[in-house]
Amino acid sequence: MSAANERQHVRELARQAAGIAAGRANEEIKQRWRDVNALRKPDRAPVWCRPVGAWPELLPEESLVCTEPWLRPVERRLRRILIKHDIGDDSPVESSFAVAAAFDIDPPNVWGVDVARRRPADAGGAWAYDPPLRSEADFERLRLPRYTYNRARTDEALARAGELLGDILPPRLTCGPPLSATLCTAAAELRGLTQMMMDMADEPELVHRLMAHLRDGTLRAMAQVAETGLLTPNNAGPMTCSDPLHEPDGGTVTYKSLWCMANSQEFDQVSPAMWEELCLSYQIPIIERFGLAGYGCCEDLTRKIDAVLSIPNLRIFVCSAWTDLDK
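Residues numbered from 1 in each chain as written. Predicted model: local features only at pLDDT ≥ 70, side-chain atom pairs only at ≥ 80, totals over all residues. Heavy atoms only, no water.

Here we look at the overall build of the protein chain
Argument step 1. When helices and strands are tallied, the protein chain shows 10 helices and 9 strands.
Argument step 2. Against the compact-globule benchmark of 20 Å for 327 residues, the protein chain has a radius of gyration of 22 Å, which places it among compact chains.
Argument step 3. Principal-axis analysis of the C-alpha atoms gives the protein chain an extent of 60 × 50 × 45 Å.
Argument step 4. Sorting the 327 residues of the protein chain into buried and exposed places 43% on the buried side.
Argument step 5. Considering only contacts in the protein chain between residues 6 or more positions apart, those separated by 24 or more positions represent 71%.
Argument step 6. A total of about 16800 Å² of accessible surface is found on the protein chain, and carbon and sulfur atoms cover 53% of it.
Argument step 7. Here the protein chain holds 38 positive side-chain charges and 47 negative ones, and the gap between their average locations is 3 Å. (Helix = DSSP H or I, 4+ residues; strand = E, 2+ residues; numbered from the N terminus. Rg over C-alpha atoms; globule rule 2.2 N^0.38 Å. Buried < 20%, exposed > 50% of the residue type's maximum accessible area, 1.4 Å probe, protein only. Contact = heavy atoms within 4.5 Å. Areas by Shrake-Rupley, 256 points an atom, 1.4 Å probe, with all protein chains shown as cover. Lys, Arg positive; Asp, Glu negative; His and termini not counted. Charge placed at Lys NZ, Arg CZ, Asp CG, Glu CD.)

As structure tokens, this is what we get:
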């Protein structure tokens, strides 16, 4: 397919998405989420199908038409919208095309060490996870990241989206929190999940040191992004679609206008007291900066309910398939 035809293909996908966004059913979906998240009674409970790792089955890479590197992710994104529409769940569709503000990160690997490496196991020819923080001395290599707004890259992305889709789905600049409040996922990547669990019993001070570093780095990065004045509310997507959370202070959006979603999946098998001490206590200073929060994912929080409810701005308690609903 020629470059011109690829562009026409993407524009046609955008027209279909825009049609869905303008439909009455889409507004009903948004109102359903708004009512739930404002603690009003909705017409019915909203339903959200989140494919996550099943996307390659629903939309295989080889089924994408575009070959131009910058058009291919746009096609993928628009086709996912159409697939979700065919599924028929309560996924709201926006009438604009979100373009994320670009930031340069120093160090580029965020925390100063490379993660997700693999090494051959000692026997059997299998592969094992090789975390970068293998000894206490490795902790000295950790750094606090710095986020710097890249106006040129952002303007280029906005211009490109506007030229392609501006008359169908106008580009909209978005800017959200730079790092996750979950923290324990990064901790497990850096130290290794098995070793981190051993540390909790043998050397808890190392876990405190790592979690404090991740908390401080996340708060610092959040401040750097907020200083740009570019933050935008994130209350449009599924689950967190809601009424506005907070009026901008002097016209500037703060994290009080945003949702925060966090979880503790890596601490699923950790006792409530140890989880609260080594995980939740480091997450709350981040979570409480936001307007509203949701907590939980695939972990079982049955024995940790009281501490989850201590999150001051909690609005969504995620009950996984392993949660004891009676309790």
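Quick word on the packing of aromatic side chains
Argument step 1. Inspection of the entire model under this criterion finds 3 aromatic pairs.
Argument step 2. We note Arg160 situated over the ring of Trp70; from NZ or CZ to the ring centre the distance is 4.6 Å. (Phe/Tyr/Trp six-rings, centres within 6.5 Å; stacked < 30°, edge-to-face > 60°. Lys NZ or Arg CZ within 6 Å of the ring centre and 35° of its normal.)

Digging into the pairing of strand β7 (residues 259-262)
Two faces belong to every sheet, and in a regular strand the side chains alternate between them.
Argument step 1. Where β7 lies against strand β8 (residues 292-295), 4 bridges are found, and the strand directions are parallel. Bridge pairing in β8 links Cys260 to Ala293.
Argument step 2. One crossover worth recording links β7 to the parallel β8 by way of helix α9 (residues 272-287), and it is right-handed. (Pairing = 2+ DSSP bridges. Right-handed = clockwise from strand over helix to strand, strands pointing away.)

Points about the nonpolar core
Argument step 1. Judged by nonpolar contacts, the single largest core of 55 residues is most densely connected at Leu214, Phe267, Trp275 and Tyr295.
Argument step 2. Those elements that provide at least two residues to this core are α6 (184-191), α7 (193-202), α8 (204-226), β7, α9, β8 and α10 (305-308).
Argument step 3. Listed in part, the 20 residues of the second largest apolar core include Leu13, Ala17, Ala161 and Leu165. (Core = buried A, V, L, I, M, F, W, Y, C linked by side-chain atoms within 4.5 Å.)

Regarding the environment of Gly296
Argument step 1. Relative to the helices and strands, Gly296 resides in the loop between β8 and α10.
Argument step 2. Separated by 136 residues in sequence, Gly296 and Arg160 place their C-alpha atoms 37 Å apart.

Some points on helix α5 (residues 151-165)
Argument step 1. Between its first and last C-alpha, α5 extends 21 Å over 15 residues, near the 21 Å set by a 1.5 Å rise per residue.
Argument step 2. Residues of α5 that are buried: Thr154, Ala161, Leu164 and Leu165. Down the axis, α5 shows its buried residues gathered within 105° of arc, on one side only. Exposed positions of α5 whose direction lies more than 90 degrees from the buried face are Arg151 and Ala152. (Expected span 1.5 Å × (residues − 1). Arc of directions from axis to C-beta.)

Regarding the packing of helix α1 (residues 3-21) against helix α4 (residues 71-87)
Argument step 1. Between α1 and α4, whose axes approach to 9 Å, the crossing angle comes to 35°. Read as a crossing pair, α1 and α4 show a hand that is left-handed. Contacts between α1 and α4 involve Glu6, Arg7, His9, Val10, Leu13, Ala14, Gln16, Ala17 and Ile20 from the former and Leu71, Val74, Glu75, Leu78, Arg79, Ile81, Leu82 and His85 from the latter.
Argument step 2. The class makeup of the residues in the contact of α1 with α4 is 10 nonpolar, 3 polar and 4 charged. (Axes fitted to C-alpha atoms, helices over the stretch in contact; angles between N-to-C directions. Left-handed = near helix turned anticlockwise from the far one by under 90°. Nonpolar A, V, L, I, M, F, W, Y, C, P; charged D, E, K, R; others polar.)

Some points on the layout of surface pockets
Argument step 1. Approximately 210 Å³ is the volume found for the second largest pocket.
Argument step 2. What lines the second largest pocket is a set of 15 residues, among which Trp111, Leu179, Ser180, Ala186 and Glu189 lie closest to the centre.
Argument step 3. Elements with a contribution of two residues or more to the lining of the second largest pocket: α6 and α8.
Argument step 4. No other element matches the 4 residues that α6 contributes to the lining of the second largest pocket.
Argument step 5. Within the lining of the second largest pocket, the residues separate by chemical class into 9 nonpolar, 5 polar and 1 charged. (1 Å grid on protein atoms, 1.4 Å probe; cavity = no way out; pocket = protein on both sides within 12 Å on 5 of 7 lines; lining within 4 Å. Points joined across faces, edges and corners; volume = space filled by probe spheres on them.)

Comments concerning the pattern of salt bridges
Argument step 1. Taken as a whole and judged by the stated rule, the model has 21 salt bridges.
Argument step 2. Note that Arg79 is salt-bridged to Glu75, the shortest N-O span being 3.1 Å. Here the residue Arg79 and the residue Glu75 both occupy positions in helix α4, the gap between them amounting to 4 residues, near one helical turn. For the pair Arg79 and Glu75, one class covers both residues: buried.
Argument step 3. The closest approach of N and O atoms between Arg134 and Asp130, which form a salt bridge, is 3.4 Å.
Argument step 4. Among the residues examined, Arg134 registers a relative accessible area of 53% and is labelled exposed.
Argument step 5. Taking the relative accessible area as the measure of exposure, Asp130 reaches 9% and is therefore buried.
Argument step 6. One network of salt bridges, with partners in common, ties together Arg32, Asp43, Arg44 and Asp90. (Salt bridge = Lys/Arg side-chain N within 4 Å of Asp/Glu carboxyl O.)

Structural notes on the packing of α1 against α5
Argument step 1. Put simply, α1 and α5 touch, their axes get as near as 10 Å, and they point 80° apart. Overall, the two elements α1 and α5 adopt an arrangement that is roughly perpendicular. Two secondary-structure elements touch here, α1 through Arg7, Val10, Arg11 and Ala14 and α5 through Glu163, Leu164 and Leu165.
Argument step 2. Per-class residue counts for the contact of α1 with α5 are 4 nonpolar, no polar and 3 charged. (Parallel < 35°, antiparallel > 145°, perpendicular 65-115°, else oblique.)

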